Amino acid sequence: MSVISKQWQDVELSVNAGDASYNLKLGKFSLNNCTALMEESKTSYKTSDWKVIQDAPNKLIIGMKTALGKAKLIFSPALNKNNVAGIKIHIELELSKKLCCVNLIPLMVPAMQADHVLEHGRTMGGCRMIKTPVNSDFRSTFQTMVTSGGAHLQFTHPLRQKNLSCVTGKINGRKISGLTVSSIINPCVKKKIASEHVSIFASANGHDLMTAYGEGERTQGKEIILQEPGWNSWDYYRWTISEEEVLKNAAFIKNDPVLSKHIKRITIDDGWQYCYGEWDANPLFPNGMEYLAHKLTEMGFEPGLWIAPTAIEPHSRMAQVKTEMMAKGVSGKPCLAFECMRRYGFILDPTRKDSREWLYNLFSRYVKMGYKFFKLDFLGQTLKARNFSDPSVPRGEIIGKIVEPIRTATKGKARILGCNYNFEAGDQLVDSVRSSGDVHADWRCIKENSSSIAARFWSQGRLWDNDPDFALCRGPQTSKDPALNDLKPCLVFVTPDKSEKDAIGTDNAFASATIEEAKTLLGLVIISGGCINLSDNLPRLNKAGLDLLRRTVSAERGEAGIPLDLFQSEHPSIWIQKASGGHRIMLTNWSDKEKTMSLDLKAHGIECSSLTDFWADGSTKIRNGIIVKKLKPHASYLGRMS
């Protein structure tokens, strides 16, 4: 028999052994002429001679011949946490020869139509809401959502992975060409290898598909502890932060009648240390980090500290005398795999026992000093190194090897924020995770990061406490700061041969947000339901700026807000959030022109006659269950039920 058919609830599978292809039908979606492939050294190998090995009620195994060895394509039914039926697919391969790196592709769809694609990044940021027609490549991880005709198709890989997986494709107009689901096995240290399972579901409710994934990936019994608001030094001060400025902001918070009631944590970010890899105070902290921890504790704050645990700058003593602890390049020698803002560094090899002991001792030392919160940064950059001492550790477990000794040193004593945290390390090792990329007091940054804040709603309160990055308000209308635009961090990108034209924008100080743009950013932070971390020079804000921050930190924590247009727009413009005091509504005008926006609240089960403006306390009447607001360019309306 050349055609084998299976039906698992609403899922139809048809395998054509004759032409080595298969068809899938899930709800309104038909994926035709699908194939399985394997790649090695950028060479793609088709599979052939498909034969049935096992045809059981809940499993179909197809044997295949390939140039790389004997393979099995395995299908089985799947059921998500909301009892939506789907299908699970993966490849197992027995290699016929020793290889360095193999890409296993259990599913390649030649062509399909889409109105929208939601792309999900592997670490902080990296999410896009792609509205068609458009010409664009996409590369997505963990959850990929394809919307067509009002229905949603979801491709998911396990959150905790051994091998890095992704979904890629090309969008031309409304057509997706070559949608490819793959897992990279690197290095191949075993003869028998397997791809990660891809699970595929279809539903009319895309939000429910995403939340079901979050529920399914959550570690059973894990308690999610929501962070209280805090202040962080990075966005205003960057590398100029000093002991004096930390204490000045802490004193301002302590003496403020509103901020003092809500801000409970002060985190010293990048700039306190001698260098990456040598984690001791520099001269801007003359009394040392233990003194500062005790001082902040006396003032009633929880001291926090930023550390990039695997970044090792060349001039550090670690790099000079402990070269055996550095990860290697193709050459087999330590390599400068870390790079950020023109700073380069080696990578600590976390597969080594002595490296993990070093991490344990480092964080034990700062826990003893009194630090109760650690922001771990640049974790994802670790994977840029090519070779690690223990090649049996899969790439998907490298990040976990970094955080495990840190968690051991801090457990029960300090909380951990994963920044640049690769999600495949899972939810057990961290308390909070950065959801967006770096946000600054600049409209371009606010707009770019809004999609990642929206796309990660499913993880908030399920896996960890999302950190949408800083709640900022400084700008020309909210500050009395003569040094507002003094710091110009992007000048590091001006090389000697860069022309004046090419250098445009490198003197951007990231402090240009208008008061309406600041409200949009602060509204996003509130509506996300995630952490609130201030990062302005608080004593230099004016009355309007302080009013915005006071309202922000004192806002009741709501659940993860739902971006209603997540599968229709390029940026999230309509949100609904549940809170104990009633719902919040957020409407955002991302355009450069005035816009009238509306939302039918009754359609979402909300009955109310008026909403209170969060920022001005004015009242907006609701007629026939519909709210209508005329919004200025870049402005938002944040309303709460009266």
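Now for a quick tour of the structure. These figures come from a predicted structure and were not determined experimentally.

### Some details on the packing of helix α7 (residues 353–369) against helix α8 (residues 398–410)
Turning to step 1, where the next piece is worked out: Following both chains from N to C, one finds α7 and α8 inclined at 35°, their axes separated by 8 Å at the closest point. Crossing geometry of α7 relative to α8 is assigned as right-handed. Contact residues: α7 offers Arg356, Leu359, Tyr360, Phe363, Ser364 and Val367, while α8 offers Lys401, Ile402, Pro405, Ile406, Thr408, Ala409 and Thr410.
Turning to step 2, where the next piece is worked out: When its residues are assigned to classes, the contact of α7 with α8 shows eight nonpolar, three polar and two charged.

### A few points about the sheet that holds strand β38 (residues 619–621)
Turning to step 1, where the next piece is worked out: With antiparallel pairing, six strands are arranged side by side in an open sheet as β33-β34-β35-β40-β37-β38. The open sheet terminates on both sides in strands that have one partner only, identified here as β33 (562–563) and β38.
Turning to step 2, where the next piece is worked out: As judged from the six bridges shared by strand β34 (residues 574–579) and strand β35 (residues 582–588), these two strands associate in the antiparallel manner. Each bridged residue has a counterpart across the sheet, and for Gln577 the counterpart in β35 is Arg584.

### What to know about the packing of helix α9 (residues 443–455) against helix α10 (residues 515–528)
Working note: a packed helix pair is described by the angle between its axes plus the distance between those axes.
Turning to step 1, where the next piece is worked out: Between α9 and α10, whose axes approach to 10 Å, the crossing angle comes to 20°. Judged by the inter-axis angle, α9 sits roughly parallel to α10. Two packed elements cross with a definite hand, and for α9 against α10 that hand is left-handed. Each of Trp443, Ile446, Ser450 and Ile453 in α9 lies in contact with α10, whose residues at this interface are Glu517, Thr520, Leu521, Leu524 and Ser528.

### Let's talk about the packing of aromatic side chains
The geometry of two aromatic rings is summed up by the distance between their centres and the angle between their planes.
Turning to step 1, where the next piece is worked out: Overall, the coordinates contain 22 aromatic pairs when judged by the stated rule.
Turning to step 2, where the next piece is worked out: Each ring, one from Tyr236 and one from Tyr237, has its centre 4.7 Å from the other, and the planes form 70°; the classification is edge-to-face.
Turning to step 3, where the next piece is worked out: Among the residues examined, Tyr236 registers a relative accessible area of 11% and is labelled buried.
Turning to step 4, where the next piece is worked out: Here a set of aromatic residues connected by ring pairs shows up, and it is made of Trp272, Tyr276, Trp279, Trp306, Phe338, Tyr366, Tyr371 and Phe378.
Turning to step 5, where the next piece is worked out: Its guanidinium or amino end placed over the ring of Tyr276, Arg343 lies 4.3 Å from that ring's centre, counting from NZ or CZ.

Conventions used here
Every residue gets a number counted from 1 within its own chain, in the order that chain's sequence is written. pLDDT decides what is reported in this predicted model: residues at 70 or higher carry local features, side-chain atom pairs at 80 or more are listed and counted, and totals for whole chains, interfaces and linings draw on all residues regardless. In computing side-chain properties, one takes all heavy atoms of the structure into account and sets aside hydrogens as well as water. Simply put, an axis is a line fit to the C-alpha atoms, just over the touching stretch for a helix, and the angle between two N-to-C directions goes from 0 to 180 degrees. Secondary structure elements follow DSSP: runs of H or I no shorter than four residues count as helices, runs of E no shorter than two count as strands, and numbering proceeds from the N terminus. For a crossing to be left-handed, the near helix must be turned anticlockwise from the far one by less than a right angle; the clockwise case is right-handed. Contacts were defined at the residue level, with two residues in contact if any of their heavy atoms lie within 4.5 Å. Residue polarity follows a fixed list, in which Ala, Val, Leu, Ile, Met, Phe, Trp, Tyr, Cys and Pro are nonpolar, Asp, Glu, Lys and Arg are charged, and the others, Gly among them, are polar. If DSSP finds at least two bridges between two strands, the strands pair. Angular relationships are summarised with four words: roughly parallel below 35 degrees, roughly antiparallel beyond 145, roughly perpendicular across 65 to 115, and oblique for the angles in between. In summary, the pairing rule links any two rings of Phe, Tyr or Trp, Trp by its six-membered ring, whose centres are within 6.5 Å, and it sorts them by plane angle into stacked for under 30 degrees, edge-to-face for over 60 and tilted for everything else. To sort residues, take the accessible area from a 1.4 Å probe on protein chains only and compare it with the maximum for the residue type: under 20% means buried, over 50% means exposed, and anything in between is partly exposed. By the criterion adopted, a ring carries a charge over it if an Arg CZ or a Lys NZ lies within 6 Å of its centre and within 35 degrees of its normal.

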